[in-house]
Structure formats: C-alpha cells, structure tokens
Amino acid sequence: MRITPSILNADLANLAAEVARVPSADAMHIDVMDNHFVPNLTIGLPVVESLRAATEKMLDIHLMIENVDQWAPKYAEAGAESVTFHVEASNAPIRLARELRKLGARAAMALKPATSIEPYADMLGELDMVLLMTVEPGFGGQAFLDLVLPKIKRTRELLGSRPIWLQVDGGVSLDTIERCAEAGADTFVAGSAVYNAEDPDAMVVAMRNAALAVKH
Ligand code: DX5
Ligand code: ZN
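Treat the numbers as computed from the prediction; the structure is a model and nothing was measured.

Asker: Just checking my understanding: could you explain the site of ligand 1 for this structure?
Answerer: Looking at ligand 1, there are 20 residues lining it, with Gly138, Gly141, Asp169, Gly171 and Ser192 nearest. One of the backbone N or O atoms of Gly141 is found 2.8 Å from an oxygen atom in ligand 1. Considering ligand 1 on its own, with 380 Å² of exposed area, one finds that the protein chains cover 99% of that surface. Of all elements in the fold, only β2 (28-33), β3 (59-64) and β8 (187-190) reach the threshold of two or more residues within the shell around ligand 1. Among the elements that line the shell around ligand 1, the one with the most residues is β2, at three residues. Counted by class, the shell around ligand 1 contains eight nonpolar, ten polar and two charged residues.

Below, the structure is given as structure tokens:
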C-alpha cells in the first residue's frame, strides 16, 4: 500500500520544502496540466527538472496534457521514475509505454472516470501502473466519485496477481481510502487530504494504515 501525496494543493512557491514535509510518502505525485486536456494550468518540464535536482524521492508524474506521445518521454529523460499518460490523449499508448520503459521509467496509463478499462485489457502487460481517476481531472479538492468503484474492482480482476500497481486519484482521504483498497487499489494519490492536514506526514501514515487494515 503506497501513498503518493499530490503537490497540487501544497505551496507551489516552496516545492522542495513541501516535499520535505512528507518524509513518509512513497513517492511525490506531480500534476502536470496544460490548460487544453484539462481546464487548468500547473507546472511543466522545467519545474520537474528542478524538483528532480532537489529531492531523492520517487517522482510520479501525472500528465494531463495533449500531445502526450511527444512530451511524456521528456519527463522520463528528466529522471522521473514513473510517468503517467492519459489514454484519452495518446495516439499510440503501446508505443508510448514501450518508449517510457526503454528510457528507464515506469510506464503508467490513466483513465478518466467515464473511460472504460475493457478496450485496454490486452495491453495491461505493457504497463507498470494503471491510474483510475476518481474525479474529473483538473483540480484538487473535488468529491470522490463512488461510481468508479466497479471499474477499480474490474481492473484488479484483469491485473490479477501481476505486479502492476493500481493507483486511484481524486478525493482520496481517510473517509474514502478504505473503499478504494477494498475494490483493489494499492497506490493512493492524496492532495488536499494530506496538505490540508495539520500534520501532513502523520496523515500519510494514517492513510497507509487505513488501507493496510482492509482485508482482502
Ligand atoms: C486532479 C489531480 C489530482 C489532485 C488530487 O486532477 O490529478 O492528483 O491533486 O487532489 P485531491 O486529493 O484533493 O482530490
Ligand atoms: Zn493527479
């Protein structure tokens, strides 16, 4: 069970310090938005390159951008350990996943809430992680969409016991993490839940314990 805090709701003027506030995190989840794929603009490659130099922590890059086939490899080249592209934005997801792996990164594919996993069942072996959005991508602090739970279960069935991580992102908190873990998620993005907490690192630990307490 891995907790990957999203810096979207952190103080973006003090990124390195915000990363240092959550030493218990398994990775830092970095939301890259281009104001085209989603109606919001955040940070891009130069900031990720600076962050790479500032922390040893695993960087989990979530690309919510168009032209992702062109841009995603650059994040792997910048030293990110995991690069996630949206399948809705990729023209060639298999080729892209192979390219990311070749560059030494973990290849991950994200699905918006209304995108079905079924068309991608046969290509899951090309991936190191599947990210299921549990809100419409674009903003932190939105309410968790329970309607995604059946897709989490179905994706877990399709993955079986393969060592492919199943990540959920959006509205994940102490209130919703158990539902996600029960459905089969093992990697949890948490933005506002962590950074709005009085003690962000204690929240990371509490969320991991809540996920671990779920029996399968
Ligand atoms: C939303 C981003 C999320 C966001 C999650 O599009 O992909 O990673 O930061 O924020 P919370 O946990 O507040 O929903
Ligand atoms: Zn994200």
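The discussion continues.
Asker: Would you explain the coordination of the zinc ion (ligand 2) in this entry?
Answerer: By definition of the ideal shapes, four donors in a tetrahedron about a metal sit 109.5 degrees apart, and six donors in an octahedron sit 90 or 180 degrees apart. The zinc ion (ligand 2) binds to the protein through His29 (NE2), Asp31 (OD), His62 (ND1) and Asp169 (OD); the donor distances cover 2.1 to 2.3 Å. Site description for the zinc ion (ligand 2): donor spacing in sequence, H-x1-D-x30-H-x106-D. Of this pair, His29 sits in strand β2 while His62 sits in strand β3; the two residues are 33 residues apart in sequence, bridging distant segments of the chain. Looking at His29, the relative accessible area reads 0%, which means it is buried. His62 sits in the buried class, given a relative accessible area of 0%.

Asker: Where do I start with the pairing of strand β4 (residues 82-86) in this structure?
Answerer: Two faces belong to every sheet, and in a regular strand the side chains alternate between them. The buried count for β4 comes to five of five residues, which makes it a mostly enclosed element. Of the two faces of β4, both are covered, the one formed by Ser82, Thr84 and His86 as well as the one formed by Val83 and Phe85. You can see the chain leave β3, run along helix α3 (residues 68-77) and come back into β4, and the turn it takes is right-handed. One ladder, built from five bridges, connects β4 with strand β5 (residues 106-111); its direction is parallel. What sits directly across from His86, in β5, is Ala110. Regarding topology, helix α4 (residues 93-102) serves as the crossover connection from β4 to the parallel β5, and that connection is right-handed.

Calculation notes
- One numbering rule holds for all chains: residues counted from 1, following each sequence as written.
- Each chain takes a letter, starting from A, and each ligand takes a number, starting from 1, following the order in which they are written.
- In keeping with the model being predicted, local features are shown solely for residues with a pLDDT of at least 70 and side-chain atom pairs are shown and tallied solely at 80 or more, while totals for entire chains, interfaces and linings include all residues.
- Where side-chain values are given, they derive from all heavy atoms of the structure, hydrogens and water being excluded.
- When at least one non-hydrogen atom of a residue lies within 4 Å of a molecule or strand, that residue is treated as near it.
- Counting of polar contacts relies on pairs of N or O atoms within 3.5 Å, with two restrictions inside protein: one atom must be capable of donating a hydrogen and the other of accepting it, and residues adjacent in sequence are counted only when both atoms are side-chain atoms.
- Accessibility throughout is a Shrake-Rupley quantity obtained with a 1.4 Å probe, and a residue counts as covered only by protein chains that appear here.
- Strands here are runs of E lasting at least two residues and helices are runs of H or I lasting at least four, both read from the DSSP assignment and numbered beginning at the N terminus.
- Following the grouping adopted for this structure description, the nonpolar residues are Ala, Val, Leu, Ile, Met, Phe, Trp, Tyr, Cys and Pro, the charged ones are Asp, Glu, Lys and Arg, and the polar ones are all others, Gly among them.
- Water is not among the atoms examined, so metal sites may look incomplete; donors are the N, O and S atoms within 2.8 Å of the metal, or within 3.2 Å for Na, K and Ca.
- Relative accessible area decides the class of each residue, using a 1.4 Å probe on protein chains only: under 20% of the type maximum gives buried, over 50% gives exposed, and in between gives partly exposed.
- By convention, a crossover is right-handed whenever its connection, traced from the first strand over the helix to the second and viewed with the strands pointing away, goes clockwise.
- Pairing between two strands requires that DSSP report at least two bridges joining them.

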